[in-house]
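Residues per chain are reported as follows:
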Amino acid sequence: MPGHKLLAWSAQACFSGNVPFMTAPEGYGPRTALDWSIKAMNEATDRINKIPASDLPRAFAAIGEAVWWITVVNDTLRHNYRAAYDQAVVLTFPEPTDTIHGLRSVRHRIGHEVDLVDFLQPAASREWSADGRVTAWAWRKVPPPEQGERTSRQHQWDLELHRAYEEALVGQNIWQPFMLATGFFGQVFRVLSGEIGTG
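Criteria and cut-off values
Residues numbered from 1 in each chain as written. Predicted model: local features only at pLDDT ≥ 70, side-chain atom pairs only at ≥ 80, totals over all residues. Heavy atoms only, no water. Phe/Tyr/Trp six-rings, centres within 6.5 Å; stacked < 30°, edge-to-face > 60°. Helix = DSSP H or I, 4+ residues; strand = E, 2+ residues; numbered from the N terminus. Buried < 20%, exposed > 50% of the residue type's maximum accessible area, 1.4 Å probe, protein only. pLDDT = per-residue confidence, 0-100. Contact = heavy atoms within 4.5 Å. Salt bridge = Lys/Arg side-chain N within 4 Å of Asp/Glu carboxyl O. Axes fitted to C-alpha atoms, helices over the stretch in contact; angles between N-to-C directions. Parallel < 35°, antiparallel > 145°, perpendicular 65-115°, else oblique. Left-handed = near helix turned anticlockwise from the far one by under 90°. Core = buried A, V, L, I, M, F, W, Y, C linked by side-chain atoms within 4.5 Å. Expected span 1.5 Å × (residues − 1).

Caption draft 1: Structural context of the packing of aromatic side chains. Applying the stated criterion to the full structure yields 6 aromatic pairs. Taken together, a centroid distance of 5.7 Å and an interplanar angle of 50 degrees make the contact between Phe 60 and Trp 137 tilted. Of this pair, Phe 60 sits in helix α3 (residues 56–80) while Trp 137 is found in the loop between β1 (120–121) and β2 (138–139), placing the two residues 77 residues apart along the sequence. Relative to Phe 178, the ring of Trp 139 lies with its centre 6.2 Å away and its plane at 75 degrees, an arrangement referred to as edge-to-face. With a gap of 39 residues between them, Trp 139 in strand β2 and Phe 178 in helix α8 (residues 175–193) connect regions that are remote in the sequence. Accessibility expressed as a relative area gives 1% for Trp 139, which makes it buried. Ring pairs connect the aromatic residues Phe 119, Trp 139, Tyr 165 and Phe 178, which therefore count as one cluster.

Caption draft 2: Quick peek at the confidence of the model for the protein. Averaged over all residues, the pLDDT of the protein is 81; the fraction at 70 or higher stands at 79%. Of all the helices and strands in the protein, helix α1 (residues 11–16) carries the lowest mean pLDDT, 38, while helix α5 (residues 97–109) carries the highest, 97. Note that residues 1–26 has pLDDT below 50 and, in this model, 60 contacts with residues that lie over four places away or in other chains.

Caption draft 3: Representation of the pattern of salt bridges within the structure. In total, this model carries 12 salt bridges according to the counting rule given. The salt bridge partner of Arg 163 is Glu 167, with a shortest N-O separation of 2.7 Å. Of the two residues, Arg 163 and Glu 167 both sit in helix α7 (residues 152–168), 4 residues apart, roughly one turn of that helix. Through salt bridges with shared partners, a single ionic network connects Asp 98, Glu 160, Arg 163 and Glu 167.

Caption draft 4: Expanded view of the environment of Ala 181. Here Ala 181 shows up in helix α8. The class of Ala 181 is buried, set by a relative accessible area of 0%. A C-alpha to C-alpha distance of 6.6 Å links Ala 181 and Ile 100, two positions 81 residues apart in sequence. When sequence neighbours within four positions are dropped, the list of residues in contact with Ala 181 reads Ile 70, Ile 100 and Leu 103.

Caption draft 5: Molecular detail of unusual backbone geometry. Between Phe 93 and Pro 94 the backbone carries a cis peptide bond, its omega angle lying at -5 degrees. Mapped onto the elements, Pro 94 comes out in the loop between α4 (82–91) and α5.

Caption draft 6: Looking closely at the packing of α5 against α7. Where α5 contacts α7, the two axes come as close as 7 Å, and the packing angle between them is 120 degrees. On the basis of their axis angle, the class for α5 and α7 is oblique. Read as a crossing pair, α5 and α7 show a hand that is left-handed. In this structure, α5 uses Asp 98, Thr 99, His 101, Gly 102, Arg 104, Ser 105, Val 106, His 108 and Arg 109 to contact α7, whose residues at the interface are Trp 157, Asp 158, Leu 161, His 162, Arg 163, Ala 164, Tyr 165, Glu 167 and Ala 168.

Caption draft 7: Seen up close, the nonpolar core. Ranked by internal contacts, the top residues of the largest apolar core, which has 43 residues, are Ile 48, Ile 63, Leu 77, Trp 139 and Phe 178. Among the secondary structure elements, those contributing two or more residues to this core are α2 (33–48), α3, α4, α5, α6 (116–119), α7 and α8. Ignoring anything within four residues of it in the chain, the contact list for Leu 77 reads Leu 34, Arg 82, Tyr 85, Phe 185, Val 188 and Phe 189.

Caption draft 8: Highlighting α3. Helix length check: α3 (25 residues) gives 36 Å between terminal C-alpha atoms against 36 Å at 1.5 Å per residue, within 8%. Residues Ala 59, Ala 62, Ile 63, Gly 64, Ala 66, Val 67, Ile 70, Thr 71, Val 72, Val 73, Asn 74 and Leu 77 constitute the buried set of α3.

In structure tokens:
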């Protein structure tokens, strides 16, 4: 792919904290917006995996940052590499769209009408995850967004994002949508590098 020799990126590498720059040296270079966005996303998701559930301020900060950076990386990939992005959606299971839309709903609403704490259930959603860490928390149900000063069209979009949140995130361990989203981004890079897909 001329001018865009992108490196494949696995979800396993992401969560081990050993993620290389997403672009080859002759491509964008390490100081591009995409590289820094991925680096910030990496650091936030890595912190979530290490913070004890008793440290609420750090826990909420890391989760909020992870949500923010995942949506930033998603928008950058979708805008700049739409064909590869769309192909990766088809190749990813479970399908990632509702998960990413659900995270976007969280991003849109925190700090405005709903606090981040309202989205989180500080308890284990599965017996095997009851380890006293933030990763034992679950996403919980919140009321749908009100229209307020939003136009009808904007409000309908807000409701669609909320529907995605309820279907893809509510009741799930908080760690799962982060894993799915970052794994999906890895698929986008694999398509771009020619490792998978039809090219």
